[in-house]
Amino acid sequence: MYDKVKLWLDRSVIGGELSTIADYLTKATEQTDRQTGETKVFGCLEGLKVSVFCTGISIVGSLSKYLYGNNIYPLDRHTTKEAVGKLADALHTDVSKADVTGLEFGAVFLLSQRVPNYLERLGDMPKLVRLHFEENTLYYRTKAKAQPQTLAFYDKLAEQRQNGVKLPVGFEGQNLLKYELRLNRRLPKQLNVREVKASTLSEKQFYKMLLRLWQNKYFSISKQEQVKTNIMSEIKTVSDAFEVFVARLMAVSNKDAVAGFIDELKEAKVFQDRNNYTRLRKKIQAVASKAGLMQTDELIKELDDAVKNQGAYL
C-alpha cells in the first residue's frame, strides 16, 4: 500500500561510491555553489527524482510507478522490497539502509458510484481540518504550516488524466477512489518506533502497524447516515418529531455547514468558554445521529467495507 516515498541515504552509508551515483541518472544537471564550491547533481531514475549532495543522496517519487510504470495500485510489503532491491541495483548502493523521511500509505478502491458521491458523505474528524476545495478531492490537515500528517481522498483516474498519464487498459470509465495517509518529517517520533529505514517498509509488524493507523484514521471521521425509511411509525412525541426533522436536515446538508457555523461563532466571540464550541458541535452531531433514528448510508457502508477488507492483505 506504499506509493510515494522520500528517502535519504547518508554519505557515511554510501562511502566512496557517492561520486559515481550521478553517472546512473538521466537528465542530470550539475550546480556549483560559488561561495562554498559544493557541487550538487539533480537527475532522474525512471520517474524518481534523485539529488546528489556532498552529504548524501535524496530519492523522491512513487515506488509503484518505478516498479510497474504506473501508480494506479500501490505496493504491498513484498513488492516494496522488490522495488527497493531494483533501486539498489540501479544505483549500485545499499538503498535498504536509507532513512524514510516521508511516505504515502493507502489503497485504491473500485466503487459503484462516482467518487464525489462518497466524498460528500465524509464529515469532520478529531484534530484535523476538513478541506474540500474540489468535488474530486478531500483533505484532512492540521491548521499549522507543517503538515506531518495528512489524509487524502481523491479520484485516482481524474488525477491520472490531469497529470497526462495514459490509463491502463480497462480502467477508463471506472470509479476509482484513493484514500491515503501521508506522513512527513520525523517518522520515528510520529510512529513511536526507533527508526524507519527503506528495509523497514517491508517488515510485517511495521506494515501491520501502518495499516491499523490508516484504518483507525478513516473510522475516526464522522460519516453521513440515512434516516430510517419507516421512522414515521416511531414518532410518538413532539420531541421525537423535532429530532427526526433535524436528523433529516443534517443528512442532506453540506458537510462543512456545522464547521462553518462554529467558525462564525468563534469569529464573533460568542462564548467566553471555548469549550462551549466543542459542546455545541457534539450536541448537533448527537441529534443528527441519534440511535434509533438513523441507519448506515449505503455508499458509506460500501466504503467502510473496502477499508476493512484491506486488513486481509498483509
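You'll find the structure just up there.
Residues numbered from 1 in each chain as written. Predicted model: local features only at pLDDT ≥ 70, side-chain atom pairs only at ≥ 80, totals over all residues. Heavy atoms only, no water.

A.B. asks: Can you lay out the packing of helix α7 (residues 204-219) against helix α11 (residues 298-309) for me, pointing to particular residues and giving the numbers?
C.D. replies: Put simply, α7 and α11 touch, their axes get as near as 10 Å, and they point 165° apart. Here α7 is positioned roughly antiparallel relative to α11, judged by the angle of their axes. Both α7 and α11 take part in a crossing whose hand is left-handed. Each of Trp214, Gln215, Tyr218 and Phe219 in α7 lies in contact with α11, whose residues at this interface are Ile300, Leu303, Asp304, Val307 and Lys308. (Axes fitted to C-alpha atoms, helices over the stretch in contact; angles between N-to-C directions. Helix = DSSP H or I, 4+ residues; strand = E, 2+ residues; numbered from the N terminus. Parallel < 35°, antiparallel > 145°, perpendicular 65-115°, else oblique. Left-handed = near helix turned anticlockwise from the far one by under 90°. Contact = heavy atoms within 4.5 Å.)

A.B. asks: Please give an account of the pairing of strand β8 (residues 137-141) that cites residues and values.
C.D. replies: The side chains of a regular strand alternate between both faces of the sheet. The buried fraction of β8 is high, at 4 of 5 residues. Judged from the 4 bridges that link them, strand β7 (residues 129-134) and β8 form a sheet pairing that is antiparallel. For Glu134, the partnering residue across the bridge sits in β8 and is Thr137. If you look at the hairpin formed by β7 and β8, you'll find 2 residues sitting between the two strands. In this structure, β8 lies alongside strand β9 (residues 149-155), joined through 4 bridges in antiparallel fashion. The partner of Tyr140 across the bridge, within β9, is Leu151. (Buried < 20%, exposed > 50% of the residue type's maximum accessible area, 1.4 Å probe, protein only. Pairing = 2+ DSSP bridges.)

A.B. asks: Explain the packing of aromatic side chains to me, and be specific about the residues and the numbers.
C.D. replies: For the structure shown, the criterion picks out 14 aromatic pairs. Pairing Tyr2 with Phe105 gives two aromatic rings, centres 5.4 Å apart and planes at 75°, and the pair type is edge-to-face. Of the two residues, Tyr2 is situated in strand β1 (residues 2-10) and Phe105 in strand β6 (residues 99-110); the sequence distance between them amounts to 103 residues. The pair Tyr2 / Phe105 is uniform in exposure class, with both members buried. A centroid spacing of 4.8 Å and a plane angle of 20° characterise the contact between Tyr179 and Trp214, whose relative ring orientation is stacked. Taken together, the residues span a long stretch of sequence, with Tyr179 in strand β10 (residues 176-184) and Trp214 in helix α7 at a distance of 35 residues. By relative accessible area, Tyr179 is classed as buried at 0%. Look at Trp214 and you get buried, because its relative accessible area is 0%. Three or more aromatic residues link up through ring pairs in this structure, and these residues are Tyr2, Phe105, Phe109, Tyr140, Phe153, Tyr179, Tyr207, Trp214, Tyr218 and Phe219. Lying across the ring of Tyr218, Lys223 places its NZ or CZ 4.2 Å from the centre. (Phe/Tyr/Trp six-rings, centres within 6.5 Å; stacked < 30°, edge-to-face > 60°. Lys NZ or Arg CZ within 6 Å of the ring centre and 35° of its normal.)

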